[in-house]
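# Descriptive analysis of the structure
Each chain is listed here by its residues.
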Amino acid sequence: MTGWTVLFRPASGDERRRGLLAIEKLGLGWLLFTTLLIGVLWSRMNNPVGMLADRLQIVAGTLFLWGVYALYPCRLLLFVRVTAQMALLSYWYPDTYEFNRLFPNLDHLFAAWEQQCFGGQPSLWFSRLCPGAWFSESLNLGYFAYYPMIVVVMVFYFLYRFARYEEASFIVMCSFFIYYFVYIFVPVAGPQFYFQAIGTEAAEAGRFVELGTYFSRHTDMLPAPGDTEGVFYGLVRGAQEAGERPTAAFPSSHIGISGILLILAFSASRRLGWGLFPFFVLLCGATVYIQAHYLLDALAGLLSVVPVFLLSRWFYRRFFVSSSFSSNSQPIRLLEPI
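A few points on the structure. (Residues numbered from 1 in each chain as written. Predicted model: local features only at pLDDT ≥ 70, side-chain atom pairs only at ≥ 80, totals over all residues. Heavy atoms only, no water.)

With that settled, the discussion passes to the overall build of the protein chain. Secondary structure assignment for the protein chain yields 16 helices and 0 strands. Relative to its 338 residues, the protein chain shows a buried fraction of 52%. Looking at the protein chain alone, contacts between residues at least 24 apart form 84% of all its contacts between residues at least 6 apart. (Helix = DSSP H or I, 4+ residues; strand = E, 2+ residues; numbered from the N terminus. Buried < 20%, exposed > 50% of the residue type's maximum accessible area, 1.4 Å probe, protein only. Contact = heavy atoms within 4.5 Å.)

Below is the structure:
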């Protein structure tokens, strides 16, 4: 019981937070930015009143958890507050679609660049070259491991690197918002949506039609390649059908965020880092294999890992470290184990 009691023991000293957490301030900052964007685009938005109502609920929920913690400050409630903000990513991700679908789609340009760089469409080639059930299941396992990787890294920091837990969670959340900012203003849907719209025959022939705001009304996807009887194939397809939107293709945040998670993992524990590394490799291949991304998206996601990590860490250390319960800890380093 000794290990568990620390979760409920009242916080004191550096562990006790009297104000909002850095990640809560970040979440409210993103909420304010998107609220202003709703105001600017009000006449073109599909449901601006509903979006504002959602934001009021998010503010109320954040303040409620802050109030509960104020009544009984302990580590477990800090974990709940951080986790609640990260859980909101499942709302903020499809929320980007409500904005970027108002702007002209750019897939015709990215597909054309893909054709020029590689002489065709790797997202169409990959599954045909590797049709085996074992290959399909392995890559779908890697793709499905994306959110479990976030959970594993965050829980590890909470349990074993608590002094850096707030910084680690902030880096992940800030990295997501950096990608989301790009997705709003660079509307690329990816092959699974674009090739469904223009037809795979046109894509293979190199005829890339400009679609304008077509995806503001259409969200149909290509049937996913691979073993349709596979367990992980079904899990990935189910997740896509539940929450996927024609948005967020360039750069691949799946690769970008999982790469940042690897940095955090290796910074905390070599064993944790190497344990997650195979899933990262599989995920990188899966983004193109399941036709969620162009190969250019995947490469851009890979190249963005270090810059986005460094920018998110700088933002935390510059503006939030002085008020953090981890203010006395050393900063998280790039690929340097603690």
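All right, on to the packing of aromatic side chains then. Geometrically, a pair of aromatic rings is defined through the distance of the ring centres and the angle of the planes. Counted under the stated rule, the structure contains 40 aromatic pairs. Here Tyr93 and Tyr180 contribute two aromatic rings whose centre-to-centre distance is 6.3 Å and whose plane-to-plane angle is 45°, an arrangement assigned as tilted. Here Tyr180 lies in helix H10 (residues 165–185) and Tyr93 lies in helix H5 (residues 89–100), a separation of 87 residues in the sequence. Of the two residues, Tyr93 and Tyr180, both sit in the buried class. Ring-pair connections join several aromatic residues into one group, and the members of that group are Trp30, Phe33, Tyr93, Phe103, Tyr146, Tyr147, Phe176, Phe177, Tyr180, Phe181, Tyr183 and Phe185. We note Arg318 situated over the ring of Phe319; from NZ or CZ to the ring centre the distance is 5.0 Å. (Phe/Tyr/Trp six-rings, centres within 6.5 Å; stacked < 30°, edge-to-face > 60°. Lys NZ or Arg CZ within 6 Å of the ring centre and 35° of its normal.)

Where helix H2 (residues 22–40) meets helix H4 (residues 75–87), the closest approach of the two axes is 9 Å, and the angle between their N-to-C directions is 25°. By the criterion of interaxial angle, the relationship of H2 to H4 is roughly parallel. Like other packed secondary-structure pairs, H2 and H4 cross with a definite hand, here left-handed. Between H2, through Ile23, Glu24 and Gly27, and H4, the contact on the second element is made entirely by Arg81, Val82, Gln85 and Met86. (Axes fitted to C-alpha atoms, helices over the stretch in contact; angles between N-to-C directions. Parallel < 35°, antiparallel > 145°, perpendicular 65-115°, else oblique. Left-handed = near helix turned anticlockwise from the far one by under 90°.)

Together, Phe144, Val231 and Leu235 make up a nonpolar patch on the protein surface, roughly 250 Å² of accessible area in all. Mapped onto the fold, Leu235 is located in helix H13 (residues 231–243). (Patch = residues over 30% accessible without salt bridge, like charges linked within 9 Å, V, L, I, M, F, W, Y side chains within 5 Å. Areas by Shrake-Rupley, 256 points an atom, 1.4 Å probe, with all protein chains shown as cover. Salt bridge = Lys/Arg side-chain N within 4 Å of Asp/Glu carboxyl O.)

All told, the structure shown has 5 salt bridges when counted by the stated rule. In this structure, Glu24 and Arg81 form a salt bridge, with 2.6 Å as the shortest nitrogen-oxygen distance. On the criterion of sequence distance, the pair formed by Glu24 in helix H2 and Arg81 in helix H4 is long-range, its members being 57 residues apart. According to the relative accessible area criterion, Arg81 is buried, its value standing at 1%.

The next thing to look at is unusual backbone geometry. Each neighbour pair has its own omega, and for Phe250 with Pro251 the value is -15°, a cis peptide bond. Structurally, the position occupied by Pro251 is in the loop between H13 and helix H14 (253–268). Unlike most non-glycine residues, Ala248 shows phi in positive territory, near 65°. Note on placement: Ala248 falls in the loop between H13 and H14. Here Ala248 falls in the buried class, since its relative accessible area comes to 8%. The backbone phi angle of Gln291 is positive, close to 70°, even though this residue is not glycine.

Residues separated by three or four positions in an α-helix point in the same direction, a consequence of the helix having 3.6 residues per turn. A rise of 1.5 Å per residue sets the reference length of H10, with its 21 residues, at 30 Å; its end C-alpha atoms lie 31 Å apart and thus fit the reference within 8%. Of all 21 residues in H10, 17 are buried; the element is thus mostly enclosed. (Expected span 1.5 Å × (residues − 1).)

Taking 1.5 Å per residue, 12 residues should reach 16 Å; helix H8 (residues 133–144) reaches 16 Å between its end C-alpha atoms and fits that length. Among all positions of H8, only Phe135, Ser136, Glu137, Leu139, Asn140, Gly142 and Tyr143 are buried. On its buried face, H8 is in contact with helix H7 (122–129), helix H9 (146–160), H13, H14 and helix H15 (270–289).

Tracing the backbone through its elements, the reader meets Met51 in helix H3 (residues 48–71). Met51 sits in the buried class, given a relative accessible area of 5%. Separated by 13 residues in sequence, Met51 and Ile38 place their C-alpha atoms 8.3 Å apart. Here Met51 is in contact with Ile38, Met45, Tyr91, Asp95, Glu98 and Phe99, once residues within four sequence places are set aside.

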